[in-house]
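# Report on the structure
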Amino acid sequence: MSGLRVSMDIGGTFTDVVAYDERTGRYRAGKASTTPHDLTEGVIAALSTVLPPGEAGPADISFLVHGTTQGLNAFLQRRGTRVLLLASEGASDTYHIARGPRTRLYDLHYRKPEPLVPRGDIEPIGGRLAADGSELTPLDEDAVRRAARRFGDEGFEAVAVAYLFSHANPAHELRTRELLREELGEDVTVSLSHEAANEWREYERTSSAVLEAYIGPVVQRYLSTLGATLKQRGLAVPLHVMQSSGGVNTADSARHRPLQTLLSGPVGGTMGGVALSRTLERPHLICMDMGGTSFDVSLVVDGRPDVTSEARLEGLPVLMSVVDIHTIGAGGGSVAWQEAGGLRVGPRSAGATPGPACYARGGTEPTVTDADLVLGRIDEATFAGGEFAPRSELALEAVGSLGERLGLDTVAMAEGICEVAGAKMAQAVRTITVSRGIEPRQFSLVAFGGAGPMHAVALARELGIPEVVVPRFPGAFSAWGMLETEIRRDFAEPFFRPEEDLDRAEMAELLEKTAAEALGSLDSEGVPAARRRTECAADIRYQAQEYTLTVPLTDPREPLHEDFPARIAARFADLHQERYGHANPGAPLEFVALRTTALGALDAAPPELLPAAAHQDFAHRTRPVVFDGRPLETVVVDREVLAPGHELSGPALVREPTATTVVPPGHRLRLDAHGSLVIREEKK
């Protein structure tokens with residue numbers, strides 16, 4: 001039965017929502033201020049912008065997915081729960097010893113990342129497995145029960161269990177959970193390391209389990225509250241949650257594996273980039289998401305998201321499939337401030353409350369948004385969808401006050417704020433491109449987020465990127481991207497084999513077994529059998545190296561092909577050349593892990609084809625906007641009056657409810673068939 005397919009992106013400043021009407025094939029987008037004290041209030045307010053009372057309601061929703069930074073914010077702000085860590089006796093300090101490499105060689109003040117669990121909250125548990133998973137010493141069940149009593153006495157909220165070699169044999173960890181639930185009840189949050197990350201490397205696996213336990217109760221409470229509220233209002237379909245891997249799963253699954261939701265908000269934009277790559281027929285995209293709090297940048301390469309099997313958050317490792325996103329504190333709400341006689345912008349943000357000075361909510365410090373308002377790039381009447389009008393006099397006062405301290409007039413100060421923020425964003429893009437041997441000039445820049453289209457062309461000019469694309473609903477593009485993905489479950493199996501000892505039949509058998517389990521895991525997601533498929537890969541490295549590359553396989557039975565060794569070696573060499581700029585064909589390889597991804601296709605929300613423009617005339621007005629220190633008469637046009645085929649030259653502002661696109665002098669904009677704004681430098 002057709003209805004509304006709805007997605008929501010809950011950001012630090014705004015909650016964005018997109019609805020696709022399956023009956024008409026039309027989209028609509030809206031937003032509301034995020035309500036940090038109770039996120040469900042902001043969600044309901046945002047939903048009301050696309051589900052007008054009397055026209056539609058939650059009962060009309062046929063599919064609902066959302067991305068949230070609830071778990072990520074709890075981690076970044078250290079507002080997670082107190083965790084009791086159960087670790088193998090004799091190796092219980094693994095989590096604190098961590099790794100030896102010094103990541104900043106010349107920083108005299110370098111300190112290792114601060115663990116989430118202090119040493120006093122680690123309980124050594126007797127029992128030991130060998131590296132092959134065989135039992136050397138039985139689990140000390142009395143020690144586990146003592147730990148359970150400590151949990152109740154000292155006010156812990158979650159337990160992480162990480163024993164040596166549990167990836168080879170999970171029996172001790174599974175028995176520990178049984179004992180904990182016997183003592184503490186079924187509702188206690190217990191994270192087992194082999195479930196959080198079924199991979200080798202004890203420190204990284206322990207860190208993953210601890211992080212899942214740390215954010216688990218926060219995410220679980222949030223999902224339960226949101227699900228109950230929506231159900232009370234008539235929602236009849238399961239609530240889905242975006243995962244860090246770029247797929248989605250049900251809220252019930254997310255409550256059991258909260259670690260997978262960690263980067264669920266920013267990932268939606270990358271998946272929107274994947275869908276846009278198909279419609280634009282541009283395989284390589286740099287996706288920039290500039291919101292109120294942060295700037296997120298990610299890549300689409302050959303039409304696929306750049307997914308890695310490990311991430312580091314504030315120096316702490318986490319093993320899971322995750323879209324590689326680089327985040328810095330450079331959003332519209334980033335505060336500009338003086339330090340040592342110089343200008344700094346971010347990473348501190350004014351957030352939604354009190355917000356930038358122009359919000360008139362009590363904020364007095366200048367932000368990037370205030371600077372944009374001073375320069376005339378923000379239209380007060382259409383800002384934030386007309387939810388409220390920013391006050392330019394407050395922005396002038398805040399920016400001018402900082403300018404006085406730095407010896408600059410108000411306009412020069414505003415441009416300086418934007419330039420410093422732009423330099424930080426350019427460096428973030430270089431981090432995931434140039435530092436990896438990728439040339440940004442070979443990519444198009446996709447700009448979204450409430451502030452992204454405003455700063456995109458300046459950023460592209462800094463990096464030499466020839467083309468900027470601003471999709472429809474840019475302020476809600478991350479939400480739109482969540483409608484373009486699939487159900488996804490990821491599985492990993494340790495598989496340590498030197499190339500010369502590889503048993504290809506054994507490898508194929510393990511892959512086929514894992515693929516069957518992966519497909520079966522989609523039963524709980526409600527995916528019909530005909531819409532399920534799997535993808536397989538192997539983690540491989542040169543022998544005696546530390547780091548691996550994930551090499552795709554065509555199917556679980558590929559290892560049985562006679563030419564498999566040559567095939568896999570060639571693929572690995574190509575990936576190594578692409579990632580590191582060199583390869584060593586013929587050098588011995590080593591297999592480390594096998595990976596299987598189960599995917600379940602959802603009903604896609606297709607891109608909407610818009611009618612072409614009948615002529616080049618369109619309604620607009622002009623007003624002064626500052627570029628390079630001078631006010632220039634600038635075309636101001638509402639995006640809704642533009643149609644495919646329309647073109648205009650800068651300077652220009654394209655206004656819409658969720659964002660404003662700035663087209664500087666010397667650039668030209670045109671609309672493509674799907675309504676995307678494509679901006680390129682004019683040929684001289």
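Note that the structure is a prediction, hence the values are computed from the model and not measured.

The rules behind the values
Residues numbered from 1 in each chain as written. Predicted model: local features only at pLDDT ≥ 70, side-chain atom pairs only at ≥ 80, totals over all residues. Heavy atoms only, no water. Salt bridge = Lys/Arg side-chain N within 4 Å of Asp/Glu carboxyl O. Helix = DSSP H or I, 4+ residues; strand = E, 2+ residues; numbered from the N terminus. Buried < 20%, exposed > 50% of the residue type's maximum accessible area, 1.4 Å probe, protein only. Pairing = 2+ DSSP bridges. Phe/Tyr/Trp six-rings, centres within 6.5 Å; stacked < 30°, edge-to-face > 60°.

Moving on, we get to the pattern of salt bridges. Scanning the model with the defined rule gives 52 salt bridges in all. Between arginine 150 and aspartate 121 there is a salt bridge; the shortest N-O distance is 3.4 Å. With a gap of 29 residues between them, arginine 150 in helix H4 (residues 141–154) and aspartate 121 in the loop between helix H3 (94–97) and strand E6 (122–125) connect regions that are remote in the sequence. Aspartate 121 carries the same exposure label as arginine 150, and that label is buried. The residue aspartate 372 makes a salt bridge to arginine 377 at a minimum N-O spacing of 3.7 Å. Classification of aspartate 372 as buried rests on a relative accessible area of 2%. Since its relative accessible area comes to 12%, arginine 377 is described here as buried. Among the ionic contacts, a cluster of salt bridges with common partners joins Glu141, Arg145, Arg175, Glu178, Glu182 and Glu183.

To continue, consider the pairing of strand E3 (residues 26–33). Here strand E2 (residues 14–21) runs beside E3; their pairing, made up of 8 bridges, is antiparallel. Paired with valine 18 across the two strands is alanine 29, which belongs to E3. Taking the residues that link successive antiparallel strands as the turn, the E2-E3 hairpin has 4 residues, and the phi of glycine 25 there is positive, at about 75 degrees.

Following the criterion strictly, the structure yields 8 aromatic pairs and no others. Between phenylalanine 477 and tryptophan 480, the ring centres sit 5.4 Å apart and the planes meet at 20 degrees, which makes this aromatic pair stacked. With phenylalanine 477 and tryptophan 480 both in helix H14 (residues 477–482), this residue pair falls 3 residues apart, about one helical turn. For phenylalanine 477, a relative accessible area of 1% translates into the label buried. Ring centres of tyrosine 542 and phenylalanine 572 lie 4.9 Å apart, and the angle between their planes is 85 degrees; on these two criteria the pair is classed as edge-to-face. A residue pair is termed long-range when its members are at least 10 positions apart, and tyrosine 542 in strand E24 (residues 532–542) and phenylalanine 572 in helix H16 (residues 564–580) qualify at 30 residues.

Functional significance is not addressed by these values, which are geometric in nature.
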